[in-house]
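Residue-level structural notes
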Amino acid sequence: MPQRVLVTAGGSGIGLVIAQAFAAAGERVHVCDIDRSRLEAVSASSEIGTTAADVSDPDQVAALFDEVQSELGGLDVLVNNAGTAGPTGPFESLSFDDWHSTLAVNLDSQFLCTRLAVLMLKTACGGSIVNISSRSGEMPQTSQSAYGASKAALNMATRNLALDFAPKVRVNAIGV
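Below or above, wherever it landed, is the structure these notes cover. (Residues numbered from 1 in each chain as written. Predicted model: local features only at pLDDT ≥ 70, side-chain atom pairs only at ≥ 80, totals over all residues. Heavy atoms only, no water.)

This brings us to the packing of helix H3 (residues 58-72) against helix H4 (residues 96-123). For the pair H3 and H4, interaxial distance at closest approach is 9 Å and the crossing angle is 30°. It follows from the interaxial angle that H3 and H4 lie roughly parallel. The chirality of how H3 crosses H4 is right-handed. Every residue of H4 that contacts H3 at Pro58, Val61, Ala62, Phe65, Val68 and Gln69 is listed here: Leu112, Cys113, Leu116, Ala117 and Met120. Partitioned by chemical class, the residues of the contact of H3 with H4 number 10 nonpolar, one polar and no charged. (Axes fitted to C-alpha atoms, helices over the stretch in contact; angles between N-to-C directions. Helix = DSSP H or I, 4+ residues; strand = E, 2+ residues; numbered from the N terminus. Parallel < 35°, antiparallel > 145°, perpendicular 65-115°, else oblique. Left-handed = near helix turned anticlockwise from the far one by under 90°. Contact = heavy atoms within 4.5 Å. Nonpolar A, V, L, I, M, F, W, Y, C, P; charged D, E, K, R; others polar.)

Turning next to the environment of Thr8. Within the secondary structure layout, Thr8 lies in the loop between strand S1 (4-7) and helix H1 (13-24). If near-sequence neighbours (up to four positions away) are discounted, Thr8 is found in contact with Cys32, Val55, Leu78, Val79, Asn80, Asn81, Ala82 and Cys113. Within the local environment of Thr8, its side chain forms a polar contact with the backbone nitrogen of Ala82, the two atoms lying 2.9 Å apart. (Polar contact = N/O pair within 3.5 Å; in protein donor to acceptor, adjacent residues only side chain to side chain.)

Bringing the sheet that holds strand S2 (residues 28-33) into the picture now. Whenever strands of a sheet pair, they do so through backbone hydrogen bonds, lying parallel or antiparallel. Taken in spatial order, the six strands line up as S3-S2-S1-S4-S5-S6 in an open sheet, and their pairing is parallel. The outermost strands of the open sheet, each flanked by one partner alone, are strand S3 (49-52) and strand S6 (169-175). Adjacent strand axes in the sheet meet at a mean angle of 15°, parallel and antiparallel pairs treated alike. Here S1 pairs with strand S4 (residues 77-80) via three bridges, running parallel. (Pairing = 2+ DSSP bridges.)

Below, the discussion takes up the pattern of salt bridges. As enumerated under the stated definition, the model contains three salt bridges in all. As a salt-bridge pair, Asp33 and Arg38 come within 3.8 Å of each other at their nearest N and O atoms. Overall, the relative accessible area of 36% leaves Arg38 in the partly exposed class. Linked through salt bridges whose partners overlap, the residues forming this network are Asp33, Asp35 and Arg38. (Salt bridge = Lys/Arg side-chain N within 4 Å of Asp/Glu carboxyl O. Buried < 20%, exposed > 50% of the residue type's maximum accessible area, 1.4 Å probe, protein only.)

With that settled, consider the environment of Asn155. Here Asn155 is to be found in helix H5 (residues 145-165). Considered as a pair, Asn155 and Gly11 are 144 residues apart in the sequence and their alpha carbons are 24 Å apart.

This part takes up the layout of surface pockets. Within this model, the largest pocket holds a volume of roughly 400 Å³. The wall of the largest pocket is formed by 24 residues, among which Ala9, Asn81, Ala82, Gly83 and Thr84 lie closest to the centre. For the lining of the largest pocket, the elements supplying multiple residues, two or more each, are H1, S2, H4, strand S5 (127-133) and H5. Sort the elements by how many residues they give to the lining of the largest pocket and H1 lands first, with three residues. A per-class count over the lining of the largest pocket returns 12 nonpolar, eight polar and four charged. (1 Å grid on protein atoms, 1.4 Å probe; cavity = no way out; pocket = protein on both sides within 12 Å on 5 of 7 lines; lining within 4 Å. Points joined across faces, edges and corners; volume = space filled by probe spheres on them.)

The end-to-end C-alpha distance of H1 is 17 Å, a good match for the 16 Å that 12 residues give at a rise of 1.5 Å each. All of the buried residues along H1 are Gly15, Leu16, Ile18 and Ala19. On an axial view of H1, the arc spanned by its buried residues comes to 160°, and they lie on one face. Exposed positions of H1 whose direction lies more than 90 degrees from the buried face are Val17 and Ala24. Positive backbone phi, approximately 90°, marks Gly26, located one or two places after H1. (Expected span 1.5 Å × (residues − 1). Arc of directions from axis to C-beta.)

In structure tokens, the structure reads:
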């Protein structure tokens, strides 16, 4: 039986490659992206389902998971791929809005999606959550305070969730 897979920010780049690999393996795949034109290209060239959604917005995430439930009938794998590099530059030049928007995309979106996905995964008798992280979460980079902080927090959240959800749901991070 094919697995049911959701990939966030799957309209291009790493997310699209991940979604295409799952689809090529015969899995049922759904992607979301904030960019509607990217989703149109995915729909035109594949059998992958699409939803336009900003995964840092709780209401849009709820609607996304309603659509995934309706289209796929549940979930077996969540790939939390959405992320942003955010602003670069000296820490003192960061605005609070820049700081917050980076954490919203890189960390809050993972929380929002995981919170809803784990209910579906436990109902499906288990599954897997994969968080796309970065080496910057383990090794500091000059002028990337918000990005590094968000990825370090994601890495620790991943470790905690792996303990919380075991053995039914696997939770891992992949640093790219």
